[in-house]
Amino acid sequence: MIEILPVVMAFFGTLGFSMYYNINIRISLINSFCSMAGYFIYVILIEKTGSLFWSNFWVAVLISFFCEIVARSHKVPTTLLLVPMLFPEIPGGELYNTVWNLFVGDMAASSVHAVRLAIDIAALNLGIVLVNTVVKIYSNISARLRYGHYEGYR
Amino acid sequence: MAESRDDFSNEIGNCMLRLGEMILSCGGEVSRVEDTVYRIGMAYGFRSVDCLTIMNCIIISYTDGSGNTFTQMRRVLEIKKDMEKIRACNSLSREVCREKLSPEDFNRKLQDIEELRGYRPVAMCLIYMLTSAAMTLFFGGDGADAAASAIAGIVLYLAGRFMGFVRIRNFVTGYIEAFLVGTVICLLIALGLGDNYDLISMGNIMLMISGSGLMTSIRDMINNDLISGMMGFMAAVIGAAAIALGFVSAALLFM
């Protein structure tokens with residue numbers, strides 16, 4: 001059974017977070033809708049697969065891919081879209097819980113949260129870097145074919 | 001003539017560095033700074049452009065058409081996330097590459113970006129309230145928890161403004177902010193507004209803790225920007241430690 005309230009709150013949380021980063025309202029709304037959709041997919045994946053790693057990974061892949069398309073069509077930096085869209089999946093809570101339990105002396109709980117934190121971060125970043133690399137390969141090949149040389153610093 | 005060409009190269013170098021500094025200080029990625037500086041330098045016909053950026057420092061070295069080499073360095077002391085400025089810098093960089101602006105025009109446009117203002121204080125305060133309340137509900141809190149979280153969000157905003165005013169950002173200020181917010185949450189719970197200290201705190205923490213900083217740092221490491229990645233990672237962990245310690249202290253003292 002999927003709870004709707006967290007999915008809806010992912011929308012409002014992302015809206016606030018986007019505006020907190022001083023992103024204009026139009027892009028903030030795009031971010032919020034995509035973030036809500038992304039979190040909905042994440043919840044479904046968690047329910048179907050039970051895997052924290054693969055759920056985060058596939059959501060990161062989907063959102064990164066979508067961000068690359070929107071960034072190119074609207075000529076805006078990908079960061080502007082990617083960080084807020086992944087806001088509900090960013091494991092700020094796990095980071096906090098890891099450190100909190102460390103301070104209150106509950107090493108077992110701290111370790112559990114640290115492992116979850118590592119899985120979340122690894123999966124999200126792998127998804128992002130994978131899409132980013134594929135897009136770079138495509139850009140380099142098309143620049144090479146079109147202009148005869150590569151573009152960009154590296 | 002040679003001197004004026006040198007001046008031109010120097011001026012453009014200054015502008016490139018200023019643009020890079022602005023991107024970095026607004027929370028842009030290291031690779032974006034390096035790529036922007038490189039593209040602008042090449043657009044102006046420099047023979048070679050090298051840029052090394054770490055978390056709070058940019059070093060550029062470039063050789064102009066006459067074979068003169070220039071090296072400049074800039075230290076970025078404060079990073080304040082502002083995505084709208086990054087977007088404006090990105091647009092300016094495209095414009096500069098396309099139209100090769102004069103140094104005067106380039107500087108004027110940089111000044112325009114620097115003067116961009118964000119949301120007004122009242123709107124910003126509402127944004128803190130909205131995000132804090134929404135994230136408390138997101139983590140499973142109820143209406144009363146969300147209301148307490150929104151009120152704590154106001155305190156968080158005011159504390160952040162004060163720390164910005166005194167221009168100090170370190171472990172201790174992170175701790176003080178978290179302790180203040182934690183104390184207010186304890187007070188609200190004692191007054192009967194909200195029950196779950198952890199869920200209310202979590203709503204506010206999402207604005208305080210650098211989860212995105214942690215993600216960016218790992219991405220930097222995967223992308224071979226090891227120095228920036230390690231520094232960002234340490235900054236995020238130290239920041240999280242300060243915040244957690246602040247909340248733990250408030251809870252132990254007042255709960």
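All of these numbers come straight from a predicted model, not from anything done at the bench.

Caption draft 1: Molecular detail of the nonpolar core. Within the largest apolar cluster, 112 residues are counted, with the highest numbers of intra-cluster contacts made by A:Leu86, A:Tyr96, B:Ala152, B:Ala240, B:Ile243 and B:Ala244. At 10 residues, the largest contribution of residues to this core is made by helix α10 (residues 226-254) of chain B. When residues of this core are assigned to domains, at least three fall in each of domain 1 (2-114) and domain 2 (121-254) of chain B. With near-sequence residues (within four places) excluded, A:Tyr96 lies in contact with B:Ile205, B:Ile209, B:Ala240, B:Ile243 and B:Ala244.

Caption draft 2: Seen up close, the domain arrangement of chain B. All names here are of chain B. Considered domain by domain, chain B is made up of domain 1 (2-114) and domain 2 (121-254). When each unit is reduced to the centre of its C-alpha atoms, the spacing between domain 1 and domain 2 is 34 Å. Counting from both sides, the interface comprises 5 residues of domain 1 and, opposite them, 8 residues of domain 2.

Caption draft 3: Molecular detail of the interface of chain B and chain A. Listed as interface residues are 45 residues of chain B and, on the opposing side, 37 residues of chain A. Secondary structure elements with two or more residues in the side of chain B that touches chain A: α2 (30-43), α3 (83-99), α5 (121-138), α8 (197-208), α9 (211-222) and α10 of chain B. Of the residues contributing to the side of chain B that touches chain A, the split by class is 28 nonpolar, 7 polar and 10 charged.

Caption draft 4: Fine view of the pairing of strand β3 (residues 69-75) of chain B. Residue and element names in this part refer to chain B. Across 7 bridges, the pairing between strand β2 (residues 57-63) and β3 is antiparallel. Residue pairing in the sheet places isoleucine 60 in a bridge with glutamine 72 of β3. Between the end of β2 and the start of β3, which pair antiparallel, lie 5 residues, with glycine 67 showing a positive phi angle near 90 degrees.

Caption draft 5: Quick peek at the environment of B:Ile127. Looking at the secondary structure, you find B:Ile127 in helix α5. With 30 residues separating them in the primary sequence, B:Ile127 and B:Tyr157 have C-alpha atoms 9.4 Å apart. Dropping the residues within four chain positions of it, B:Ile127 is found in contact with A:Gly16, A:Met19, A:Tyr20 and B:Tyr119.

Caption draft 6: Here's a closer look at the environment of B:Asp6. Residue and element names in this part refer to chain B. Along the chain, the position of aspartate 6 falls in helix α1 (residues 2-25). Taking the C-beta count within 10 Å as the criterion, aspartate 6 has 14 such neighbours and is therefore assigned partly exposed. In this structure, the C-alpha to C-alpha distance between aspartate 6 and arginine 108, residues 102 residues apart in sequence, is 21 Å.

Caption draft 7: Spotlight on the sheet that holds β2(B). Residue and element names in this part refer to chain B. Overall, antiparallel pairing links the 3 strands, which are arranged β1-β2-β3 in an open sheet. One side of each edge strand has no neighbouring strand; the edge strands of this open sheet are β1 (48-54) and β3. Shown here is a sheet whose adjacent strand axes are inclined to one another by a mean of 10 degrees, direction ignored.

Caption draft 8: Helix α7 (residues 171-190) of chain B, seen in detail. All names here are of chain B. Taking 1.5 Å of rise per residue, the 20 residues of α7 would be expected to cover 28 Å, and the 28 Å separating its terminal C-alpha atoms lies within 8% of that figure. Along α7, the residues classified as buried are Gly174, Glu177, Ala178, Phe179, Val181, Gly182, Val184, Ile185 and Leu188. Tucked into the core, α7 has its buried residues touching α6 (143-166), α8 and α10. A positive phi of about 100 degrees marks glycine 192, the residue just after α7.

Each value, and the rule that gives it
Residues numbered from 1 in each chain as written. Chains lettered and ligands numbered in written order. Predicted model: local features only at pLDDT ≥ 70, side-chain atom pairs only at ≥ 80, totals over all residues. Core = buried A, V, L, I, M, F, W, Y, C linked by C-beta atoms within 7 Å. Buried ≥ 20, exposed ≤ 12 C-beta atoms within 10 Å, placed from the backbone. Helix = DSSP H or I, 4+ residues; strand = E, 2+ residues; numbered from the N terminus. Domains from an automatic or database assignment. Contact = placed C-beta atoms within 7 Å. Nonpolar A, V, L, I, M, F, W, Y, C, P; charged D, E, K, R; others polar. Pairing = 2+ DSSP bridges. Axes fitted to C-alpha atoms, helices over the stretch in contact; angles between N-to-C directions. Expected span 1.5 Å × (residues − 1).

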